[in-house]
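What follows is each chain in one-letter form.
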Amino acid sequence: MNVVYKNERQRDSLESNAHFLSNSSKINNKIPDLEETTKKLLQLELDYNYQITQINGQRKFGPPLNWTGPAPDPKCEVFVGRIPRTIFEPDLYPIFSLIGRIYEIRLMMDFSGMNRGFCFIMYTKPEDAYHAVKELNYYEICPGHRIGVVNSINHCRLLIKQLPLNIKAEEVVQRIYDTTDEVKEVLVYRNYNEPECYAIINYQTHRGAAISRKRLLPLTSSLFSNSKVIVDWANPTFRPTDVVSILEVF
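All of these numbers come straight from a predicted model, not from anything done at the bench.

Asker: Looking at this structure, I do not really get unusual backbone geometry. What am I missing?
Answerer: Glycine aside, residues mostly have negative phi angles, and peptide bonds mostly take the trans form. Of note, the amide linkage connecting G62 to P63 takes the cis form, showing an omega dihedral of 0°. Mapping P63 onto the fold places it in strand 2 (residues 58-64). The backbone of N49 shows a phi angle near 65°, a positive value even though the residue is not glycine. Non-glycine residue Q162 carries a positive phi angle of around 65°. Note on placement: Q162 falls in the loop between strand 9 (157-161) and helix 5 (169-179).

Asker: Would you explain the nonpolar core in this entry?
Answerer: Nonpolar side chains in soluble globular proteins tend to be buried together. Judged by nonpolar contacts, the single largest core of 29 residues is most densely connected at V78, V80, F96, I121 and Y123. Contributing elements (two or more residues each) for this core: strand 3 (77-81), helix 3 (89-96), strand 4 (102-109), strand 5 (115-123), helix 4 (126-136) and strand 6 (140-142). Setting aside residues no more than four positions away along its own chain, Y123 makes contact with P72, C76, V78, F96, I99, G100, R101, I102, Y103, D128, A129 and A132. In terms of nonpolar packing, the next biggest core, distinct from the first, is built from 21 residues, V173, A199, I201 and V231 among them.

Asker: Please clarify how the pairing of strand 5 should be interpreted in this entry.
Answerer: Regular strands have side chains that alternate between both faces of the sheet. Judged by how many residues are buried, strand 5 sits mostly within the fold: seven of nine residues are covered. Across five bridges, the pairing between strand 3 and strand 5 is antiparallel. For F79, the partnering residue across the bridge sits in strand 5 and is F120. If you look at the hairpin formed by strand 4 and strand 5, you'll find five residues sitting between the two strands, and G113 has a positive phi there, around 95°.

Asker: For this particular structure, what's the right way to read helix 2 (residues 34-48)?
Answerer: Helical geometry: 3.6 residues make up each α-helical turn, so side chains three or four residues apart lie on a common side. An ideal rise of 1.5 Å per residue puts 21 Å on 15 residues; helix 2 measures up with 21 Å between its terminal C-alpha atoms. Residues of helix 2 that are buried in the fold lie against strand 1 (50-55), strand 2 and helix 3. At the exit of helix 2 stands N49, carrying a positive phi of roughly 65°.

Asker: Explanation requested: the pattern of salt bridges in the structure shown.
Answerer: Side chains carrying opposite charge are able to pair once their charged atoms draw close together. One pass over the structure, following the stated rule, counts seven salt bridges. Between R59 and E89 there is a salt bridge, with the nearest N and O atoms lying 2.9 Å from each other. With a gap of 30 residues between them, R59 in strand 2 and E89 in helix 3 connect regions that are remote in the sequence. Accessibility assignment for this pair places R59 and E89 in one class, buried. Taking the shortest distance from any N to any O, the salt bridge between R85 and D110 comes out at 2.1 Å. On the criterion of sequence distance, the pair formed by R85 in the loop between strand 3 and helix 3 and D110 in the loop between strand 4 and strand 5 is long-range, its members being 25 residues apart. Look at R85 and you get partly exposed, because its relative accessible area is 37%. Connected via shared salt-bridge partners are K60, E77, E104 and R106.

Asker: Sorry if this is basic, but what is going on with the sheet that holds strand 4 here?
Answerer: Strand order across the open sheet formed by six strands is 1-2-4-5-3-8, with antiparallel pairing between neighbours. Strands with a single pairing partner mark the edges of an open sheet, and in this sheet they are strand 1 and strand 8 (148-151). Put simply, the sheet's adjacent strands are angled 20° from each other on average, direction ignored. Two elements, strand 1 and strand 2, share five bridges in a ladder whose sense is antiparallel. Residue pairing across strands places Y50 opposite P64, the latter belonging to strand 2.

Asker: Would you mind going over the environment of P90 with me for this structure?
Answerer: Within the secondary structure, P90 sits in helix 3. Classification of P90 by relative accessible area gives buried; the value is 19%. For P90 and L44, which are 46 residues apart along the polypeptide, the C-alpha to C-alpha distance reads 6.5 Å. Apart from the residues lying within four places of it in its own chain, the contact partners of P90 are K40, L41 and L44.

Asker: Would you mind going over the packing of helix 2 against helix 3 with me for this structure?
Answerer: Geometrically, a packed helix pair is captured by the angle between its two axes and the distance between the axes. Relative to each other, helix 2 and helix 3 sit at 35°, their axes nearing to 9 Å. Side by side, helix 2 and helix 3 meet where K40, L41, L44 and Y48 of the first sit next to E89, P90 and Y93 of the second. Taken together, the residues of the contact of helix 2 with helix 3 sort by class into five nonpolar, no polar and two charged.

Reading the values: the criteria
Residues numbered from 1 in each chain as written. Predicted model: local features only at pLDDT ≥ 70, side-chain atom pairs only at ≥ 80, totals over all residues. Heavy atoms only, no water. Helix = DSSP H or I, 4+ residues; strand = E, 2+ residues; numbered from the N terminus. Core = buried A, V, L, I, M, F, W, Y, C linked by side-chain atoms within 4.5 Å. Buried < 20%, exposed > 50% of the residue type's maximum accessible area, 1.4 Å probe, protein only. Contact = heavy atoms within 4.5 Å. Pairing = 2+ DSSP bridges. Expected span 1.5 Å × (residues − 1). Salt bridge = Lys/Arg side-chain N within 4 Å of Asp/Glu carboxyl O. Axes fitted to C-alpha atoms, helices over the stretch in contact; angles between N-to-C directions. Nonpolar A, V, L, I, M, F, W, Y, C, P; charged D, E, K, R; others polar.

Structure, rendered in structure tokens:
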């Protein structure tokens, strides 16, 4: 795959970064030097005037300390996958910042100090996110290892399937509100033709939906009496079809 560069300077910088990464360490095989990584993070923080925080299995690099106003639109965010587990923000920032100004990098981390293979990068402008997908998807970040860059989907909806067919909508709604937080609305659907009954829960934020999913998963057998339900992410573009009735909207 050929990367389309805006100019020669961008091409040279990207190729230089790839060369540096390929020669700095055996990225795929070597356990990272956490002390050295911490030093690089602190230097990156100072050089570019960002802040770093770590919470709930992710490390946030950003927003810029001089940022004013609301956070950028969700359309400004991209998802980066297939990241070698020993690559961190000091490696990612120089590459992705060539596309445009970065508002925030959210790198998913595990307890060992290695990344979990993916991150979210939010730019300050949606057109920069578009160019990042176009120019860096399948970019060879180190020899033989190409990352994937796609538009981020801000998941804020959960789907609960296999509800008892005759369950009252009020019971479903009340149970969801009692068990989870940041609920925006609960929609309970019934289709007698299948037959099936399921609910879609919209949350105010992705974080609220993620925490709620974590709470609900251990309760699939006890959330509703005499029934084991399935809890999963709802596709953001999913719209129910062949529905006989919407039982309740809160």
